[in-house]
Amino acid sequence: MQLLVSPATIEEAKKTLSADIVDVKRPEEGSLGASFPWIISAIKKLTHKPVSAAIGDFDYKPGGAALTALGAATAGADYVKIGLMFDGIEEAQTVIQSVTRAVKDTYPQKSVVIAAYSDWERLDTISPFDMAPLAAKAGADVSMVDTGIKDGKSTFEFMDEATLVEFTNLNRSLGIKTALAGSLKFQDIDILKRIDPEIIGVRGMVCGGDRRAMVQEELVLKAVSMVH
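An unreviewed UniProt entry lists the protein chain under the name (5-formylfuran-3-yl)methyl phosphate synthase, with Methanospirillum stamsii given as the organism. Per UniProt, the comment on the protein chain under Catalytic activity (unreviewed entry) is "2 D-glyceraldehyde 3-phosphate = 4-(hydroxymethyl)-2-furancarboxaldehyde phosphate + phosphate + 2 H2O". According to UniProt, the comment filed for the protein chain under the heading Pathway (unreviewed entry) is "Cofactor biosynthesis; methanofuran biosynthesis."

(A) Highlighting the sheet that holds strand β2 (residues 21–24). Pairing in this closed barrel of eight strands is parallel, and the strands run β1-β2-β3-β4-β5-β6-β7-β8 around the ring. The sheet shows a mean angle of 25° between the axes of neighbouring strands, direction not considered. Where strand β7 (residues 177–180) lies against strand β8 (residues 199–202), two bridges are found, and the strand directions are parallel. When the bridges of β8 are listed, Leu180 appears paired with Ile200. Along the sheet face, helix α6 (residues 128–138) touches β4 (79–84), β5 (111–117) and β6 (142–146) and points at about 160° away from the line of β5. Where helix α9 (residues 217–227) meets the sheet, its contacts fall on β1 (2–5) and β8, and the angle it forms with β1 comes to roughly 160°.

(B) Geometry of the UniProt feature "active site" (unreviewed entry) in the protein chain. Summarizing the sequence annotation, UniProt attributes the feature "active site" (unreviewed entry) to Lys25 and Lys81 in the numbering used throughout. Sequence-wise these annotated residues cover 57 residues; spatially they are packed, their C-alpha atoms never more than 9.9 Å apart. Of the residues annotated just before, the largest cavity has Lys81 among its lining. Each residue touching Lys25, except ones within four places of it in the same chain, is listed here: Ser6, Pro7, Ala8, Ser31, Leu32, Gly33, Ser35, Ala54, Asp146 and Arg211. The residue Lys81 is located in strand β4 in this model. The residues contacting Lys81, other than those within four sequence positions of it, are Leu4, Asp23, Leu32, Ser52, Ala53, Ala54, Ile55, Gly56, Val113 and Met144. A polar contact is formed between the side chain of Lys81 and the side chain of Asp23, at a distance of 3.1 Å.

(C) Region of the structure containing empty space enclosed by the protein. All chains considered together, the criterion is met by one cavity of 30 Å³ or more. Its boundaries defined by the atoms lining it, the largest cavity holds a volume of some 70 Å³. Within the residue set of the lining of the largest cavity, elements represented by two or more residues are β4, β6 and β8. Its residues assigned to classes, the lining of the largest cavity shows seven nonpolar, two polar and one charged.

(D) Examining the packing of α6 against helix α7 (residues 161–174) more closely. The interhelical angle for the contact between α6 and α7, taken along N-to-C directions, is 15°, at an axis separation of 10 Å. What the angle tells us is that α6 and α7 run roughly parallel. In this structure, α6 meets α7 at a crossing whose hand is right-handed. Of the residues in α7, those in contact with Pro128, Phe129, Met131, Ala132, Pro133 and Ala136 of α6 are Thr163, Glu166, Phe167, Leu170, Asn171 and Leu174.

(E) Spatial organisation of the layout of surface pockets. One number sums up the size of the largest pocket: a volume of about 570 Å³. Around the largest pocket, the lining comprises 32 residues; the ones closest to its centre are Ser183, Gly204, Gly209, Asp210 and Arg211. For the lining of the largest pocket, the class distribution of residues is eleven nonpolar, eight polar and 13 charged.

(F) Layout of a negative patch on the surface. A cluster of acidic residues, Asp87, Glu90, Glu91, Asp124 and Asp130, forms a negative patch on the protein surface. As for its placement among the helices and strands, Asp87 is situated in the loop between β4 and α4 (89–104).

The rules we used
- Residues numbered from 1 in each chain as written.
- Predicted model: local features only at pLDDT ≥ 70, side-chain atom pairs only at ≥ 80, totals over all residues.
- Heavy atoms only, no water.
- UniProt positions renumbered as here; feature names shortened; annotations may be inferred.
- Pairing = 2+ DSSP bridges.
- Helix = DSSP H or I, 4+ residues; strand = E, 2+ residues; numbered from the N terminus.
- Axes fitted to C-alpha atoms, helices over the stretch in contact; angles between N-to-C directions.
- Contact = heavy atoms within 4.5 Å.
- 1 Å grid on protein atoms, 1.4 Å probe; cavity = no way out; pocket = protein on both sides within 12 Å on 5 of 7 lines; lining within 4 Å.
- Polar contact = N/O pair within 3.5 Å; in protein donor to acceptor, adjacent residues only side chain to side chain.
- Points joined across faces, edges and corners; volume = space filled by probe spheres on them.
- Nonpolar A, V, L, I, M, F, W, Y, C, P; charged D, E, K, R; others polar.
- Parallel < 35°, antiparallel > 145°, perpendicular 65-115°, else oblique.
- Left-handed = near helix turned anticlockwise from the far one by under 90°.
- Patch = residues over 30% accessible without salt bridge, like charges linked within 9 Å, V, L, I, M, F, W, Y side chains within 5 Å.
- Areas by Shrake-Rupley, 256 points an atom, 1.4 Å probe, with all protein chains shown as cover.
- Salt bridge = Lys/Arg side-chain N within 4 Å of Asp/Glu carboxyl O.
- Lys, Arg positive; Asp, Glu negative; His and termini not counted.
- Charge placed at Lys NZ, Arg CZ, Asp CG, Glu CD.

Given below as structure tokens:
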């Protein structure tokens, strides 16, 4: 299980370099808020670790999503991550295929992460279980769950351990990796180890519990030690 930590700035990124994956996002723009290309490029120069970049919680805009995904990959992201903030199997399939093609046609070695939301029922968006087969079919690499509304409620309040095991096993059967995120806490790490996703994503955990605060290097080191 790898630890992905999400800094919002270059200064924060310097405190996250012990993580397995450094994830660039802009929290004020949403759960998977996109940062600026020059921030992605600068953070990529800081580390030999893989760099991930969120490109946004997207409505049904396949062209905009594809172009944004290519921009993130060109800026230096090794993982390009999109959230599907809409419902509909056909619509999701179009966006996922568009984003995956935009990245893979130019950068076949880079990874595409497709995220649905653990709180999809209150958002009226696509279920993670409906998203995962579409991601696998399109050639994406990682199927992810995060919380769409950042109100302090954890993914575990919407999907319990058994459901997350089912989701992880579904992804394995489809040949893609699993990433779990969404207001995860230090006390969740033992449960996450039982679920055994390939990646867990955190921000609030290493900001002292408030994702709007600053990343604290000592909390990143604590998370790394507990995960490994």
